[in-house]
Amino acid sequence: VADLVAWASHEPDESVARELRLEAAGLHREIGNLDAAIEQLEAILAQDPSEPVALAELTTLREARGEWPEVAGLLERRIDVEMDGDARLALRRKLGDLLAGPLAEPARAIDAFMGILDEDPTDLAAMSSLEKLYEQAERWEDLRDLLERRLDVAETDADRVVARVRMARLEEQAFGRRDEAMAQLREILEMDPENGEALDEL
């Protein structure tokens with residue numbers, strides 16, 4: 001490892017030096033020397049802040065140490081440079097879960113999940129995560145807009161029923177608009193006259 005690091009320090013070709021440092025970081029990781037592995041990865045990123053392999057490896061090491069603020073920052077950097085759409089969505093989801101969970105930063109978590117919907121307006125998992133965050137923050141108007149959005153993209157009657165039941169509860173509990181709530185429930189019964197949940201709500 002020492003030889004690899006020394007070679008990288010004197011190597012004029014940046015691409016070769018990067019590969020040497022990546023190899024050194026991998027060896028340090030194998031023997032449990034995480035501080036030294038992180039040092040090598042950060043040296044790579046000092047030369048090229050968008051180097052994807054170093055960013056991914058550094059994220060993994062920071063996660064192993066529970067350094068959540070640093071992990072969030074790295075995920076944001078990876079999102080900015082990730083060219084594959086599916087991979088970028090996965091990173092946004094991971095960032096949103098981290099911000100909503102261990103970091104307890106709901107406003108930033110909302111931004112992360114909204115980033116998913118900006119790229120994929122039909123992502124129901126992101127909508128579900130946003131619903132919870134809006135409920136916790138008592139952002140009722142935002143929640144109503146989101147439920148309308150869920151209703152617009154619903155592909156099955158079952159999905160439409162779920163959205164309308166939530167809309168009805170919101171109208172009644174948050175806004176006190178019982179007429180609006182009952183209208184939503186009647187829409188459900190037009191699709192499914194025997195729907196027990198809608199009948200119970202009515």
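Small disclaimer: the values here were computed from a predicted structure and weren't measured. (Residues numbered from 1 in each chain as written. Predicted model: local features only at pLDDT ≥ 70, side-chain atom pairs only at ≥ 80, totals over all residues. Heavy atoms only, no water.)

Draft legend 1. Layout of the overall build of the chain. Check the secondary structure of the chain and you find 12 helices and zero strands. Each helix and strand of the chain, placed in order from N terminus to C terminus, yields the pattern α-α-α-α-α-α-α-α-α-α-α-α. What you see for the chain is a C-alpha radius of gyration of 24 Å, clearly larger than the 17 Å of a compact globule of 202 residues, by over 25%. For the chain, the proportion of contacts with a sequence separation of at least 24, taken over those separated by at least 6, is 35%. About 11,200 Å² of surface is accessible on the chain, with carbon and sulfur atoms providing 47% of the total. In the chain, which carries 24 positive and 50 negative side-chain charges, the distance between the mean positions of the two groups comes to 3 Å. (Helix = DSSP H or I, 4+ residues; strand = E, 2+ residues; numbered from the N terminus. Rg over C-alpha atoms; globule rule 2.2 N^0.38 Å. Contact = heavy atoms within 4.5 Å. Areas by Shrake-Rupley, 256 points an atom, 1.4 Å probe, with all protein chains shown as cover. Lys, Arg positive; Asp, Glu negative; His and termini not counted. Charge placed at Lys NZ, Arg CZ, Asp CG, Glu CD.)

Draft legend 2. Looking closely at the side chain of R144. Along the chain, R144 turns up in helix 9 (residues 140–153). With near-sequence residues (within four places) excluded, R144 lies in contact with M167, L170, E171, F175, R177 and E180.

Draft legend 3. Up close: unusual backbone geometry. Notably, A104 is not glycine yet its phi reads approximately 50°, a positive angle. Tracing the backbone shows A104 in the loop between helix 6 (85–100) and helix 7 (106–119). Given the relative accessible area of 54%, A104 is considered exposed. The phi dihedral of E138 falls on the positive side, at around 55°, and the residue is not glycine. Along the chain, the position of E138 falls in the loop between helix 8 (124–137) and helix 9. By relative accessible area, which is 55% here, E138 ends up exposed. (Buried < 20%, exposed > 50% of the residue type's maximum accessible area, 1.4 Å probe, protein only.)

Draft legend 4. Broad picture of the pattern of salt bridges. Applying the stated criterion to the full structure yields 23 salt bridges. R108 serves as the salt-bridge partner of E105, at 3.0 Å between the closest nitrogen and oxygen. Since its relative accessible area comes to 28%, E105 is described here as partly exposed. Several salt bridges share partner residues, and in doing so they unite D35, E42, R62, R65 and E67 into one network. (Salt bridge = Lys/Arg side-chain N within 4 Å of Asp/Glu carboxyl O.)

Draft legend 5. Seen up close, the nonpolar core. The biggest cluster of nonpolar side chains holds 26 residues, and the ones touching the most others in it are L95, L99 and L130. Within the residue set of this core, elements represented by two or more residues are helix 5 (68–81), helix 6, helix 7, helix 8, helix 9 and helix 10 (157–173). Per element, the largest residue contribution to this core is six residues, and it comes from helix 7. In contact with L130, not counting residues within four places along its chain, are I110, F113, M114, L117 and L146. In terms of nonpolar packing, the next biggest core, distinct from the first, is built from 12 residues, A25, L58, L61 and L74 among them. (Core = buried A, V, L, I, M, F, W, Y, C linked by side-chain atoms within 4.5 Å.)

Draft legend 6. Spotlight on the packing of aromatic side chains. Counted according to the given criterion, the structure contains zero aromatic pairs. Directly above the aromatic system of F175 lies the positively charged group of R177, at a separation of 4.2 Å from the ring centroid. (Phe/Tyr/Trp six-rings, centres within 6.5 Å; stacked < 30°, edge-to-face > 60°. Lys NZ or Arg CZ within 6 Å of the ring centre and 35° of its normal.)

Such coordinate-based values are descriptive only and should not be taken to indicate function.
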